[in-house]
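# Examination of the molecular architecture
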Amino acid sequence: MRLSDVLRAAFAHIRRTPVFFYANLIAITVGILLVVVMLSMAVGLSRYVDATLKSEASVEMIEVTFDARTPGAKPLTLATLRELGKLPGCRLITPVVDSVFADLRLDKGPETFISLASTVAPNDPEVTRNPLLAGSYENLGGDQSLMVPEETARELGFSPAQGAIGRVVTLHITRSGERGIESLLMPMKIAVVARKTRHARVYAPLRFMRRVARWQSDPRLTARGAMTAPADDPAFAYTAALFYANRAEDVPALRAAVEKRGYRTASILDSVERYRQIMLVAGVVLTSLGLIALFTGSISIFNTAYAAVMRRMREFAIYKTYGATKKAILSLVLAEAIITAIAAGILGFAGGSAICLLLQRAVSAEVEAILFPVEWWLLGVAILTASLATIAASAIPARNAAELSATEAMRAA
Amino acid sequence: MKSVYRLQDVVLRYRARNDDKGAVTSALQDVTLDVHRGELLAIVGHSGSGKSSLLQVMAGLTSPDDGSVMFYPPEGEPLPLHELSEDERAVTRRMHIGFIYQSFNLVDTMTAAENVALPLLFGGVPLRDRDARARDMLGQLGLGEKHSRYPYELSGGEQQRVAIARALVANASVILADEPTGSLDSKSANAVIDTIRRQHAELGTTTVLVTHDPAIADRTQRRIELRDGSIVSGGSHK
């Protein structure tokens, strides 16, 4: 039997029994629509989390910290860092002084609590990856210049935040020791305002941060003494350093090599992987909900197809008498299922896409392109899923029809 | 003369449906029969004598429980119907055997021409060709004007003529008719028998008629009588 004849016969039967066809179509379309929306939501959420995490830090970056309790690990001096810089896959190392907490105060104005970290700007990937609102990284060269995130600038009362550029603020750092709590007050100039920074940090030049770290760790050193001491000290041991691999693929090997030398490492890829697993579970749960709806629709198809075969028993017996093979009968029944599946797949995709577009409007413009994506591969998934569901539901009735003996069927009809 | 069918010790039993342990009825018991090419043959007998069962075995619609059914097509190797699969028997019917039911068995949702074209449809004949051949066959049987009518728009006699056209359209070498006049009034019945006889005379098609009407059996060349599934007369050629 020719394919064109199979399709013609299937369409003719659909025309004769429109109620059955539309009932099946609606049942499967609703299931597919839910699958499309759930899949889109799962993919969108996953991409959103991925993008958000990757905007926090470079995927090629490894945060390396020194722990004095680890046997064999050398303090992170410049000499040690130069040695580690020769490890395969390592492109760049920037020493870091961080975890310095301070108050930032505008003269006779508001103050805000900040986390201070060092930068080797202007060529520091840690800061140059941040989108700027005002200023330039070249201006971070001066010892007493700062880079603040927009959020901190607003907390200091600058609105718009760009207004903070060039303004002098007071940095208030404390240390506690035998003499009680001591303060270091430093006038600093805001040189750069970034849209955001990692962990909302405020960055100051490395030379300045080294002096602050020395003052905090050496009770004998006065504030004046710390700030006038030579900037470069080859023996200075950094608490951390940022290692940059040539490519993201080099990160695991580089981490392993660094950890082998007794250092602790952390990478944004750890968080990405963790969230990916969570998103995978969420995606499976969401898609399962759609598939449950589809399964319910498939039961409806099974019932309808079974009833149709019983109703057409005499017709199939006549076909067999006049030369129809099992394959021909099977094709006739399955062709209707496939026509229903394709129509349901297209309608389900169209309906699901419309819902996704409406949901996109409900979220902020910043994330609408990521959440609830409407993409062509979803149409393929919709048609494939609908086909699998309808073929699975029609397989048993179709097989029964094909296996029917003409004589038995004629007698039963 | 050459044989078209050679049945040897054919046994067919029916078991009550949905009952594996149910009583078994013998529909055919050691039936041995030769049918010659071009013959017009009547199978007669009371209800339940096994006439229709014999015709179904000859058509390959049912496979015998025992014995052999050899079919000799006009060209090619003999076909052992008792050994062929269901699909192979379906193909044999499509190519060589036309079957006519008592109750016409036309598909209600198809026009007369579409019903006639069924064997051609399953044979893969293109739409235009099979439509032309179906209309031509209907024309030969006096139903040319009614090719687009549905079965419910035709009289009983007309429906049976459509069924005859369907049996003939694929140039079958054998026509098997199961009480073709059983559902018709006498006038329509005579017209149908006339049609079958004319087709037999013009085309030389081997024709086997099942009937319980002696008058119809008298109009054939040979009569076989069945009783309780066995041939009691006419099984061999004189």
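Structure's up top.
Quick summary incoming for the structure in this document.

About the criteria used
Residues numbered from 1 in each chain as written. Chains lettered and ligands numbered in written order. Predicted model: local features only at pLDDT ≥ 70, side-chain atom pairs only at ≥ 80, totals over all residues. Heavy atoms only, no water. Contact = heavy atoms within 4.5 Å. Buried area = accessible area lost by both parts, 1.4 Å probe. Salt bridge = Lys/Arg side-chain N within 4 Å of Asp/Glu carboxyl O. Polar contact = N/O pair within 3.5 Å; in protein donor to acceptor, adjacent residues only side chain to side chain. Helix = DSSP H or I, 4+ residues; strand = E, 2+ residues; numbered from the N terminus. Nonpolar A, V, L, I, M, F, W, Y, C, P; charged D, E, K, R; others polar. Pairing = 2+ DSSP bridges. Axes fitted to C-alpha atoms, helices over the stretch in contact; angles between N-to-C directions. Patch = residues over 30% accessible without salt bridge, like charges linked within 9 Å, V, L, I, M, F, W, Y side chains within 5 Å. Areas by Shrake-Rupley, 256 points an atom, 1.4 Å probe, with all protein chains shown as cover. Buried < 20%, exposed > 50% of the residue type's maximum accessible area, 1.4 Å probe, protein only.

## With respect to the interface of chain B and chain A
The interface is formed by 29 residues belonging to chain B together with 26 residues belonging to chain A. For the pair chain B and chain A, the summed buried surface comes to about 2500 Å²; carbon and sulfur atoms form 55% of the total. For the salt bridge of Arg130(B) with Asp5(A), the shortest nitrogen-to-oxygen distance reads 2.8 Å. Here chain B and chain A share 13 residue pairs in polar contact (both at pLDDT 80 or more) between them. Secondary structure elements with two or more residues in the side of chain B that touches chain A: helix H2 (86-96), helix H4 (118-122) and helix H5 (127-140) of chain B. Looking at the side of chain B that touches chain A residue by residue, the classes come out as 16 nonpolar, five polar and eight charged.

## Here we look at the sheet that holds strand E10 (residues 230-233) of chain B
Each strand in a sheet pairs with another by means of backbone hydrogen bonds, the pair being arranged parallel or else antiparallel. Residues and elements named next belong to chain B. Pairing in this open sheet of six strands is mixed, and the strands run E6-E7-E8-E3-E9-E10 from one edge to the other. If you trace the sheet from one side to the other, it starts and ends with strand E6 (97-100) and E10, each paired once. In this sheet, adjacent strand axes meet at a mean angle of 25° when their direction is disregarded. Here four bridges tie strand E3 (residues 40-44) to strand E8 (residues 206-210), and the two strands are oriented parallel to one another.

## Some details on a nonpolar patch on the surface
All names here are of chain A. Residues Val281, Val285, Leu289 and Ile292 make up a contiguous nonpolar surface patch of roughly 370 Å² in combined accessible area. Tracing the backbone through its elements, the reader meets Ile292 in helix H9 (residues 268-311). Overall, the relative accessible area of 52% leaves Ile292 in the exposed class.

## Remarks on unusual backbone geometry
A negative phi angle characterises most non-glycine residues, just as the trans form characterises most peptide bonds. Between Ser159(A) and Pro160(A) the backbone carries a cis peptide bond, its omega angle lying at 5°. Note on placement: Pro160(A) falls in the loop between helix H5 (150-155) and strand E7 (168-177). Despite not being glycine, Ser99(A) shows a phi value in the positive range, around 60°. Tracing the chain through its elements places Ser99(A) in the loop between strand E2 (90-96) and strand E3 (100-106). Its identity is not glycine, yet Asn105(B) carries a phi of approximately 50°, on the positive side.

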